[in-house]
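# Observations on chain architecture
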Amino acid sequence: ATILVHIHSGPDLTNKATLGMLVAVTAVTEGHDVTLFLAADGVNLLNCSEKDTVVGQGTGDLKSHLDRLKQLGTKIMVSGMSAKARGYDDSLLSGFNASFATPDVLLEISLSSETVLCY
């Protein structure tokens, strides 16, 4: 299946953020075609560089999920406007299969995906 996981919650919403990442990792691991789209405060999630910093209740460690998505080469789209508004540049994308995107790309991916999950 083609799945879009759209995370707009930041690290302050620990359980939402880690649940979205856990679902993305699980879907990729099960062989689905997954795109992760980070927008609004969700762009801050790529900035997590240490384990045990953002850990959900039963939803895992954010850094571990990011490492796994990186290892699997998961396609990650990041709202360029959200990133810029929060002071990020291209270095945020470093090491990930990631690129900046605009709202029209989010809409296009949403319409072409069989399933859209938002966190």
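Once that is clear, we can look at the overall build of the chain. In terms of regular secondary structure, the chain is built from four helices and seven strands. Reading the chain from its N terminus to its C terminus gives the helix and strand order β-α-β-β-β-α-β-α-β-α-β. Rg of the C-alpha trace for the chain: 13 Å, near the compact-globule value of 14 Å for 119 residues, within the 12% margin. Each of the 119 residues in the chain was classed as buried or not, and the buried ones make up 44%. For the chain, the exposed surface amounts to about 6,000 Å²; the carbon and sulfur share of it is 51%. Across the chain, the 8 positively charged side chains and the 13 negatively charged ones have centroids separated by 3 Å.

Right, let's get into the environment of Ala-24. Here Ala-24 lies in helix H1 (residues 14–29). Once the C-alpha coordinates of Ala-24 and Leu-117 are considered, the two residues, 93 residues apart in sequence, prove to be 9.4 Å apart. Residues contacting Ala-24, with those up to four places away along its chain left out, are Val-5, Val-34 and Leu-69.

The next subject is the side chain of His-65. Tracing the backbone through its elements, the reader meets His-65 in helix H2 (residues 62–72). In contact with His-65, not counting residues within four places along its chain, are Thr-18, Met-21, Leu-22, Val-25, Thr-59 and Gly-60.

Below, the discussion takes up the sheet that holds strand S1 (residues 2–7). Strands sit in the order S6-S5-S2-S1-S7 across an open sheet of five strands; the sheet is parallel. Either end of the sheet is taken by a strand with one partner, and the two such strands are strand S6 (97–101) and strand S7 (115–118). Recorded for the sheet is a direction-independent mean angle of 20° between the axes of neighbouring strands. The sheet contact formed by S1 and S7 spans four bridges and is parallel.

What follows is about the packing of H1 against H2. Packed helix pairs are specified by the crossing angle of their axes together with the interaxial distance, meaning the distance between the axes. Where H1 contacts H2, the two axes come as close as 9 Å, and the packing angle between them is 30°. When the axes of H1 and H2 are compared, the pair comes out roughly parallel. At the point where H1 passes H2, the crossing takes the left-handed sense. Here Thr-18, Met-21, Leu-22, Ala-24, Val-25, Val-28 and Thr-29 of H1 lie close against H2, whose contacting residues are Leu-62, His-65, Leu-66, Arg-68, Leu-69 and Leu-72. Residues belonging to the contact of H1 with H2 are distributed by class as follows: nine nonpolar, three polar and one charged.

What counts as what
Residues numbered from 1 in each chain as written. Predicted model: local features only at pLDDT ≥ 70, side-chain atom pairs only at ≥ 80, totals over all residues. Heavy atoms only, no water. Helix = DSSP H or I, 4+ residues; strand = E, 2+ residues; numbered from the N terminus. Rg over C-alpha atoms; globule rule 2.2 N^0.38 Å. Buried < 20%, exposed > 50% of the residue type's maximum accessible area, 1.4 Å probe, protein only. Areas by Shrake-Rupley, 256 points an atom, 1.4 Å probe, with all protein chains shown as cover. Lys, Arg positive; Asp, Glu negative; His and termini not counted. Charge placed at Lys NZ, Arg CZ, Asp CG, Glu CD. Contact = heavy atoms within 4.5 Å. Pairing = 2+ DSSP bridges. Axes fitted to C-alpha atoms, helices over the stretch in contact; angles between N-to-C directions. Parallel < 35°, antiparallel > 145°, perpendicular 65-115°, else oblique. Left-handed = near helix turned anticlockwise from the far one by under 90°. Nonpolar A, V, L, I, M, F, W, Y, C, P; charged D, E, K, R; others polar.

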